[in-house]
Amino acid sequence: MLTLDVLANTGRLRHRHAVEKVVPALVLLIITIARPAIPAAPLVLAATTFAAVAVGRIPLRRWLRALALPAGFIASGTIGIMLVSGDGPGPIPLTITEASAIEAGRVLLRSLAGTSAVVLIGVTTPMVDIIVLLRSLRVPAAVTDLMTSMYRLMFDLIATGRQLRTSQTARLGHVGLRRSVRSAGLGTTAVFIRSMHRAKRLQIGLDARGYDGELRVLSNERPLGMARLAIAVTVAIAILAVSLIWARSSVG
Amino acid sequence: MHIAEGFLPQSHAVAWTVASAPFVVHGVKQLNTQMREHPDTRMLAAAAGAFSFFLSALKIPSVTGSSSHPTGVAIGAVLFRPPIMAITGVIVLFFQAILLAHGGLTTLGANAFSMAIVGPWAGYGAYRLVRSSTGSLWSGAFAAAVVANLATYITTSVQLGMAFPEADGGVLASIATFLGIFAITQIPLAIIEGLLTAMVVTWLSSYSPAEMKELAVL
C-alpha cells in the first residue's frame, strides 16, 4: 500500500539482519551531512543506488520513482536558498546571486544523497525489524509498543480513507474546491470514528488475553552477516577517504 | 512543513535535536505513567498517532493547483493534548521519513520542534483562548488549526533562515525570504485546514459524543 513498505517486505534483502542494512545506510547518511557536497554526495547517491538496484534487486524505475517525490519537495525547498533579498528584475525585491545559486545546488545534492540513504533503509528493512532493533537499543517499551500499535492501525485507516475517497469521487464529491473541502472533512470524520472503534476492539482483545502493559512479540532470529556488514561499511569508509583526499588536494 | 533530509548543516541538525529532546523525554515519561495507571488508554494514543499519519498521507484540495496534505497537528492537540503529541508526533515523523521518504532522520529534531512541539502548543493555546472567549467549538477548532499551521510554518522559516543566512542581510533577511515564499502555499493551506478541522471536530461531537466526552473535549 505504501510503496517503500511493499518493497521492504517483498525485497531480496528482507530476511537479512536489520543491522546489516541500517548501519551502512546511517554511516553513509552521516558522511553526507558531515562532508562537503562535492564529492561526497554524488558518491553516496551512487552507492545507495548500487545497493538498492544491484544488491537488493529493486527495479531501477521503482527506485527512481521512490526518490522522485522527495526530490520535488527538496527542489521547491532550495528556491528559498537560491533567492536572496535585493533588487531583482521583477516587482518583488528578490534576486539570485552566483553565490546563492551555488549554495542552492550544494544543498540540493546533499539533500538528495541523504534522502537516498534514508530511502535505502525504507526499501530494504521492514518496519517490524526496525522496531525490534530499537527495542534492543533500549528504547522504552512504552514507545516501541506504541509504534507497533500505530503501525498496525495506520494501514487500516489508509485503506478506509482510500475507499471513502473513491466512493466520494464517484458521487462527484470532489468537483470544485468547496465541495472537495466538505468531502475531505466528512471522510476524515468517518476515518477518525472508525479508528477509535478499531482501537477499542483491539484493546478488548488484548485485555481478554491478559495484557499487563507490555507486548511481547517473537521476532525471527536472523544471523548477523559480519562479512556483508564489513563490506558495506568499507564502501562507506572509502567514500569518506575520497572526500578527505579531495579536500586536501583542492587546498594544496 | 517538513525539512527534507540533508537540508540542515550538521551543527543545526544536532542543535535542534537537543532542543526537542526534553519535550520528547517528558512525553515519554507521561506516556509511561499513563500506560501504568490506565493501560486501557494505550490504544487511544495509538489511534491518535495512526490518525496523524493517515492525515499526512491524505491529500486535501489546495488552491495552488498541486494538492497538499494537512498537518493534523491541531486535531491531535485538541483531542489528545500537546504532551502526548510530542511523542506520537516524533513517531509519526519517523514513520514518514522511513515509509514515505518525507522529512528525514537528521532533520527529525528540527521537524519535531516545529510540528510536534511548537505547532501543538500554539494550536492548543489558541483553541483554549478562542473557545473560552466565544464559547464556540467550531471557532476554537478553526483557530487551533490556523494558528498551529502558521506557528509551524514560521518556526520552519526561522530554522531555515538560521541555517542559510544571506550574504548581505544575514539571518533576518533570509527568514523574511523563506516566510515570503512559503506564504504562497501555507496561508491558503492554513485556512483550508482550519475549515477542515472545525468541520471534523463539530461533526465528531454530534456523531460520536461518547468518545468526545472520554477525551474531555465536550
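Residues numbered from 1 in each chain as written. Chains lettered and ligands numbered in written order. Predicted model: local features only at pLDDT ≥ 70, side-chain atom pairs only at ≥ 80, totals over all residues. Heavy atoms only, no water.

Regarding the pattern of salt bridges
All names here are of chain A. One pass over the structure, following the stated rule, counts five salt bridges over all chains. For R228, the salt bridge is made with E20, and the minimal N-O distance between the two is 2.9 Å. Of the two residues, R228 sits in helix α9 (residues 226-251) while E20 sits in helix α2 (residues 18-34), which places them 208 residues apart along the sequence. Given the relative accessible area of 8%, E20 is considered buried. Put simply, D145 and R135 hold a salt bridge, and the shortest N to O gap is 3.6 Å. With a gap of 10 residues between them, D145 in helix α7 (residues 141-170) and R135 in helix α6 (residues 127-136) connect regions that are remote in the sequence. Residue D145 is classed as buried on the basis of its relative accessible area, which comes to 3%. (Salt bridge = Lys/Arg side-chain N within 4 Å of Asp/Glu carboxyl O. Helix = DSSP H or I, 4+ residues; strand = E, 2+ residues; numbered from the N terminus. Buried < 20%, exposed > 50% of the residue type's maximum accessible area, 1.4 Å probe, protein only.)

Some details on the interface of chain B and chain A
When the parts come together, some accessible area is lost, and that loss is often what is quoted as the size of the interface. Of the residues lining the interface, 64 residues belong to chain B; the matching set on chain A comes to 70 residues. Where chain B abuts chain A, roughly 6,000 Å² becomes buried across the two surfaces, and 79% of that area is made up of carbon and sulfur atoms. Looking at the side of chain B facing chain A, the largest losses of area belong to R42(B), M43(B) and L99(B), adding up to 12% of the total buried there. One can count zero salt bridges joining chain B with chain A. Scanning the region where chain B abuts chain A turns up three residue pairs in polar contact (both at pLDDT 80 or more). Residue assignment for the side of chain B that touches chain A shows that the elements contributing at least two residues are α1 (10-37), α2 (42-57), α3 (73-80), α4 (82-100), α7 (170-207) and α8 (209-214) of chain B. Take the side of chain B that touches chain A: its biggest share by element is 13 residues, from α2(B). The residue makeup of the side of chain B that touches chain A, split by class, is 48 nonpolar, nine polar and seven charged. (Contact = heavy atoms within 4.5 Å. Buried area = accessible area lost by both parts, 1.4 Å probe. Polar contact = N/O pair within 3.5 Å; in protein donor to acceptor, adjacent residues only side chain to side chain. Nonpolar A, V, L, I, M, F, W, Y, C, P; charged D, E, K, R; others polar.)

Some remarks on unusual backbone geometry
The omega torsion across I38(A) and P39(A) is 0 degrees, close enough to zero to call that bond cis. Summarising the element assignment, P39(A) is placed in helix α3 (residues 37-55). Look at R57(A): it is not a glycine, yet its phi comes out positive at around 60 degrees. Mapping R57(A) onto the fold places it in the loop between α3 and α4 (60-82). Backbone geometry at A101(B) places phi at a positive 55 degrees, although glycine is not the residue there. Along the chain, A101(B) turns up in the loop between α4 and α5 (108-134).

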